Amino acid sequence: MALIAILPGDGIGPEVTAQARRVLEALDLGVSFEEAPVGGAAYHAAGHPLPSETLDLAKRADAILFGAVGDPACDTLDRHLRPEQAILGLRKELGFWANLRPAKMMPGMEDASTLRPEIARAIDMVIVRELVGDVYFGEKGRRETADGRREGHDLMSYAEDEVRRIAVVGFEMAQRRRKSLISVDKANVLETSQLWRDVVNELAPDYPEVALQHMYVDNAAMQMVRNPGQFDVVITGNLFGDILSDQASMCVGSIGLLPSASLRAWAGDNGLYEPIHGSAPDIAGQGKANPCAAILSAAMLLRHSLDNEDAALKIEAAVAGALAGGVRTPDMGGADSTSQMGDAILAAL
Ligand SMILES: NC(=O)C1=CN([C@@H]2O[C@H](COP(=O)(O)OP(=O)(O)OC[C@H]3O[C@@H](n4cnc5c(N)ncnc54)[C@H](O)[C@@H]3O)[C@@H](O)[C@H]2O)C=CC1
Ligand SMILES: CC(C)CC(=O)C(=O)O
Ligand SMILES: [Mg+2]
């Protein structure tokens, strides 16, 4: 029997993963669930944001459903003990280097988008974000200069094999979709990005049917709100992908709508599935969180780790159906609660 590890985390994490678990249970898939604390919840309970029991569960599971981590009560802790280290640690320890973040306009959701309906309607992209390199994982430090100024640094670096493997994912995904790949970097300024661009260009002849374009990240941020329909598959580094995917979420209606998969293989392997949002302390505990991103992450889990495309499609159709029926949490301009959104999706199932 397949084992799904549920790591709810902090803030709205437990609220949205509870709805995703309801949906998975309703499908009667013959899977088992095991939950463990992570992030601030784990720090308060066990003194560490990623206790060894939680890491062991993540390793032994067939797939991981993750909520979110981040707790204002931990803001003053040493960086190594902060809740966010748990998600970075899980990604690194388990080698989940490929992060897929699909953003697609769902029927009848144009009113929730910050863009004009005719612009928003065309959105159907996947951001393929490199997840275990870049400035998030480079050498970090603080020092004091000779004249007494405080300095901080975070090294941005990529090795060619790290770029190549994520670029291959991008090219292969583009080949399965609309055959357009936009690689986002800052090669006009950054050495890391020049290497990124070189490696992507070297791969391009292997994928002659894919139209490759390079775009600087500042322009990409602007193009994403000017004409998001031009993006099919986007490949980019850890930092730029983090930022651009939050931006893409508002183009399709809410940060509470975008799921993600963090993988080390296309299919049939353990993966980590989480909404792209954080723990949202400003709305935690109020029943206001939109659970759609977590529920759509559960669909990605079934698709990529449990080889159950049928069940994944059922969940995606149920979410689209509930939204098309007008159920909306406050982030999408409505007044329905987290559990009412979950109820509507279960009813649509
Ligand atoms: N993967 C993870 O666990 C992530 C953790 N974080 C952490 O989360 C904490 C809060 O970070 P923020 O920058 O505020 O980002 P956030 O994504 O938690 O929230 C940003 C804004 O979006 C809203 N929001 C987010 N998810 C929502 C949902 N499902 N439904 C309705 N509204 C939603 C929040 O209320 C807030 O106004 C921090 O500690 C941060 O480090 C942030 C991003 C990802
Ligand atoms: C703790 C952060 C690096 C997580 C994040 O913002 C993300 O992965 O989207
Ligand atoms: Mg983020």
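Residues numbered from 1 in each chain as written. Chains lettered and ligands numbered in written order. Predicted model: local features only at pLDDT ≥ 70, side-chain atom pairs only at ≥ 80, totals over all residues.

Student: I'd like to hear about helix α8 (residues 217-226), residue by residue, with values.
Tutor: Of the residues making up α8, those classed as buried are Val217, Ala220 and Met224. Within α8, the buried residues cover an arc of 45° as seen down the axis, which keeps them to one side. Along α8, the residues that are exposed and aim more than 90 degrees away from the buried face are Asn219, Met222 and Arg226. Of the surrounding secondary structure, the elements contacted by the buried residues of α8 are β8 (180-185), β9 (211-216) and α9 (238-251). (Buried ≥ 20, exposed ≤ 12 C-beta atoms within 10 Å, placed from the backbone. Helix = DSSP H or I, 4+ residues; strand = E, 2+ residues; numbered from the N terminus. Arc of directions from axis to C-beta. Contact = placed C-beta atoms within 7 Å.)

Student: Which residues make up the nonpolar core, and what values do they have?
Tutor: Among the nonpolar cores identified, the biggest contains 107 residues, and Ile64, Val128, Tyr273, Ile295 and Ala298 are the most heavily contacted of them. Looking at this core, the element that brings in the most residues is helix α10 (residues 292-304), giving ten residues. Lining this core are residues from two domains, each supplying at least three of them: domain 1 (1-97 + 260-349) and domain 2 (114-251). (Core = buried A, V, L, I, M, F, W, Y, C linked by C-beta atoms within 7 Å. Domains from an automatic or database assignment.)

Student: How would you sum up the UniProt feature "binding site: substrate" (unreviewed entry) in the protein? Please name residues and give values.
Tutor: Mapped onto this numbering, the UniProt entry annotates "binding site: substrate" (unreviewed entry) at Arg91, Arg101, Arg129 and Asp218. A maximum C-alpha distance of 26.6 Å among these annotated residues, which run over 128 residues, shows that they spread across the structure rather than meeting at one spot. Relative to the helices and strands, Arg91 is located in helix α4 (residues 84-93). Using a count of 21 C-beta atoms within 10 Å as the deciding quantity, one classes Arg91 as buried. Apart from residues lying up to four places away in sequence, Arg91 is in contact with Phe96, Leu131, Val132, Ser262 and Leu272. With respect to the helices and strands, Arg129 occurs in strand β5 (residues 124-130). Those residues in contact with Arg129 that sit more than four places away from it in its chain are Asn99, Arg101, Thr236, Asn238, Gly241, Asp242 and Ser245. (UniProt positions renumbered as here; feature names shortened; annotations may be inferred.)

Student: Before we move on, can you summarise the packing of helix α1 (residues 13-26) against α10 with the specific residues and values?
Tutor: Where α1 contacts α10, the two axes come as close as 8 Å, and the packing angle between them is 45°. In terms of orientation, α1 and α10 fall into the oblique class. Crossing handedness for the pair α1 and α10: right-handed. Contacts between α1 and α10 involve Val16, Thr17, Gln19, Ala20, Val23 and Leu24 on the former and, on the latter, Ala294, Ile295, Ser297 and Ala298. Here the contact of α1 with α10 is built from residues that sort into seven nonpolar, three polar and no charged. (Axes fitted to C-alpha atoms, helices over the stretch in contact; angles between N-to-C directions. Parallel < 35°, antiparallel > 145°, perpendicular 65-115°, else oblique. Left-handed = near helix turned anticlockwise from the far one by under 90°. Nonpolar A, V, L, I, M, F, W, Y, C, P; charged D, E, K, R; others polar.)

Student: Run through the sheet that holds strand β10 (residues 233-236), naming residues and quoting values.
Tutor: A sheet is described by the order of its strands in space; here ten strands give the open sequence β2-β1-β3-β12-β11-β4-β5-β10-β8-β9, paired in mixed fashion. A strand with exactly one partner marks an edge of an open sheet, and here the two such strands are β2 (32-35) and β9. Here strand β4 (residues 98-104) runs beside β5; their pairing, made up of seven bridges, is antiparallel. Within β5, the residue paired with Pro102 across the bridge is Val126. (Pairing = 2+ DSSP bridges.)

Student: Could you give me a rundown of the site of ligand 2, with the residues and numbers involved?
Tutor: Every residue close to ligand 2 is listed here: Glu84, Ile87, Asp242 and Ile276. Within the shell around ligand 2, the residues separate by chemical class into two nonpolar, no polar and two charged. (Near = placed C-beta within 6 Å.)

Student: Summarise the site of ligand 1; cite the residues concerned and give the values.
Tutor: Close contacts around ligand 1 come from 21 residues, with Gly70, Gly256, His277, Gly278 and Asn290 the closest. Here the shell around ligand 1 is composed, by residue class, of eleven nonpolar, six polar and four charged.

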